[in-house]
Amino acid sequence: SGRAEAPAVLEDFYRRRMFIDRISENEPVYQFHALFLDFLRTGNRQTLNRTDLEFLLHKSAAALEFKGEFDAAMQLWIEAQNWERATRLTLSEANRLLNSGRRKTLERWISGLPTDVQREQPWLSYWLGLTHVQTEPTRGIEYLHYALDRFRELDDTQGEVLCLASLLNAAFLGFVALEAMDRWLDELLGSMERGQANLS
């Protein structure tokens with residue numbers, strides 16, 4: 001809100017049970033009751049013009065992202081249709097989400113982006129492939145293969161190497177596409193050699 005008195009007002013509303021919940025004690029974090037939040041959002045969409053609504057969405061998403069509330073921020077970037085910021089947040093958090101077991105969250109984030117945005121950015125296809133490797137290896141391989149082709153078009157050796165390594169891992173874990181493993185291994189070694197040559 002930009003108002004200095006906001007924390008005191010929120011605490012007062014919380015203590016008086018006025019549609020406010022407090023979800024953290026150390027550094028107080030407040031949220032509207034879900035029904036009230038839905039009411040406010042509906043009202044904003046009906047009364048604000050698109051420019052003002054986008055401004056509020058962007059400001060709120062940026063504040064949430066700054067505070068580390070990435071899932072809430074992502075929902076607002078998607079609602080604002082700010083695909084650049086949504087993509088940037090997804091790519092910056094993808095590894096952390098996957099390593100912390102939040103595969104479904106990462107999949108939901110990427111699936112919330114338009115198909116043309118996903119196809120334009122091969123790293124999104126790469127991470128989407130990794131979300132499926134353990135549960136649906138065949139589907140994971142499809143996404144990884146698409147990302148591999150795009151990385152090659154863009155002459156992105158790092159992406160190519162990571163894709164090939166992930167394809168081998170998917171085939172091994174899922175016991176699928178075994179006939180392609182020798183070819184992928186040869187391609188991986190070739191890509192690594194080219195990468196080393198480029199560095200020297």
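Residues numbered from 1 in each chain as written. Predicted model: local features only at pLDDT ≥ 70, side-chain atom pairs only at ≥ 80, totals over all residues. Heavy atoms only, no water.

Visitor: Please clarify how helix H10 (residues 157-174) should be interpreted in this entry.
Guide: The end-to-end C-alpha distance of H10, which contains 18 residues, comes to 25 Å, matching closely the 26 Å that a straight helix rising 1.5 Å per residue would cover. Burial in H10 covers these residues: Thr 157, Gly 159, Glu 160, Cys 163, Leu 164, Ser 166, Leu 167, Leu 168, Ala 170 and Ala 171. Structurally, the start of H10 carries an N-cap: the backbone nitrogen of Gln 158 is 3.3 Å from a side-chain oxygen of Asp 156. (Helix = DSSP H or I, 4+ residues; strand = E, 2+ residues; numbered from the N terminus. Expected span 1.5 Å × (residues − 1). Buried < 20%, exposed > 50% of the residue type's maximum accessible area, 1.4 Å probe, protein only. Polar contact = N/O pair within 3.5 Å; in protein donor to acceptor, adjacent residues only side chain to side chain.)

Visitor: Looking at this model, I keep getting lost on the side chain of Arg 150. Mind explaining?
Guide: The residue Arg 150 is located in helix H9 (residues 137-153) in this model. Owing to a relative accessible area of 15%, Arg 150 belongs among the buried residues under this scheme. If near-sequence neighbours (up to four positions away) are discounted, Arg 150 is found in contact with Arg 119, Glu 120 and Pro 122. (Contact = heavy atoms within 4.5 Å.)

Visitor: Sorry, what's going on with H9 here?
Guide: Side chains of residues three or four places apart in an α-helix project in the same direction, reflecting 3.6 residues per turn. Between its terminal C-alpha atoms H9 stretches 24 Å, which fits the 24 Å expected from 17 residues at 1.5 Å a residue. Among the residues making up H9, those that are buried are Pro 137, Gly 140, Ile 141, Leu 144, Ala 147, Leu 148, Arg 150 and Phe 151. A positive phi of about 55 degrees marks Asp 155, the residue just after H9.

Visitor: Quick question: what am I supposed to make of the nonpolar core here?
Guide: What tends to happen in soluble globular proteins is that the nonpolar side chains get buried as a cluster. Formed by 38 residues in total, the largest nonpolar core has its most connected members in Tyr 126, Trp 127, Leu 144, Cys 163, Leu 167 and Trp 184. Broken down by secondary-structure element, the contributors of at least two residues to this core are helix H3 (50-66), helix H4 (70-79), helix H5 (83-99), helix H6 (103-111), helix H8 (122-132), H9, H10 and helix H11 (181-199). When residues no more than four places from it in sequence are discounted, the contact partners of Leu 167 are Ile 141, Leu 144, His 145, Leu 148 and Trp 184. (Core = buried A, V, L, I, M, F, W, Y, C linked by side-chain atoms within 4.5 Å.)

Visitor: How should I be thinking about a nonpolar patch on the surface in this particular structure?
Guide: On the surface, Leu 185, Leu 189 and Met 192 cluster together into a nonpolar patch covering about 260 Å² of accessible area. Take Leu 189: it is sitting in helix H11. (Patch = residues over 30% accessible without salt bridge, like charges linked within 9 Å, V, L, I, M, F, W, Y side chains within 5 Å. Areas by Shrake-Rupley, 256 points an atom, 1.4 Å probe, with all protein chains shown as cover. Salt bridge = Lys/Arg side-chain N within 4 Å of Asp/Glu carboxyl O.)

Visitor: For this particular structure, what's the right way to read the packing of H6 against H8?
Guide: Packed helix pairs are specified by the crossing angle of their axes together with the interaxial distance, meaning the distance between the axes. It is at 9 Å that the axes of H6 and H8 come closest, and there the two elements cross at 145 degrees. The element H6 and its partner H8 pack so that their crossing is left-handed. Across the interface between the two elements, Arg 103, Leu 106, Glu 107 and Ile 110 from H6 touch Leu 124, Trp 127, Leu 128, Thr 131 and His 132 from H8. The residue makeup of the contact of H6 with H8, split by class, is five nonpolar, two polar and two charged. (Axes fitted to C-alpha atoms, helices over the stretch in contact; angles between N-to-C directions. Left-handed = near helix turned anticlockwise from the far one by under 90°. Nonpolar A, V, L, I, M, F, W, Y, C, P; charged D, E, K, R; others polar.)

Visitor: So what exactly am I meant to see when it comes to the environment of Gln 196 here?
Guide: Following the sequence through the fold, Gln 196 ends up in helix H11. The spacing of Gln 196 and His 145 is 51 residues in sequence and 23 Å in space, taken between C-alpha atoms.

Visitor: Explain unusual backbone geometry to me, please; I cannot follow it from the model alone.
Guide: Excluding glycine, residues mostly carry a negative phi; peptide bonds, for their part, are mostly trans. Even without a glycine there, the phi angle at Arg 17 is positive, about 55 degrees. Judged by its relative accessible area of 61%, Arg 17 falls in the exposed class.

Visitor: Help me understand the packing of H4 against H5 in this model?
Guide: Between H4 and H5, the least distance of the axes is 9 Å, while the angle of their chain directions is 155 degrees. As summarised for this structure, H4 and H5 are arranged roughly antiparallel, according to the angle between their axes. Both H4 and H5 take part in a crossing whose hand is left-handed. Packed against H4, whose contacting residues are Phe 70, Ala 73, Met 74, Trp 77 and Ile 78, the element H5 presents Trp 83, Arg 85, Ala 86, Leu 89, Thr 90, Glu 93 and Arg 96 at the interface. Within the contact of H4 with H5, the residues separate by chemical class into eight nonpolar, one polar and three charged. (Parallel < 35°, antiparallel > 145°, perpendicular 65-115°, else oblique.)

Visitor: How should the packing of aromatic side chains be read in this particular structure?
Guide: For any pair of aromatic rings, the description rests on two quantities: the centre-to-centre distance and the angle between the ring planes. What the rule picks out here adds up to seven aromatic pairs. The interplanar angle of 65 degrees and the centroid separation of 4.6 Å between the aromatic rings of Trp 123 and Phe 151 together place this pair among those described as edge-to-face. Placement of the pair is Trp 123 in helix H8 and Phe 151 in helix H9, with a sequence separation of 28 residues. Residues Trp 123 and Phe 151 agree in their burial class; the two are buried. Relative to Trp 127, the ring of Tyr 126 lies with its centre 5.1 Å away and its plane at 75 degrees, an arrangement referred to as edge-to-face. Accessibility assignment for this pair places Tyr 126 and Trp 127 in one class, buried. An aromatic cluster of at least three residues, connected via ring pairs, comprises Phe 19, Phe 32, Phe 36 and Phe 39. (Phe/Tyr/Trp six-rings, centres within 6.5 Å; stacked < 30°, edge-to-face > 60°.)

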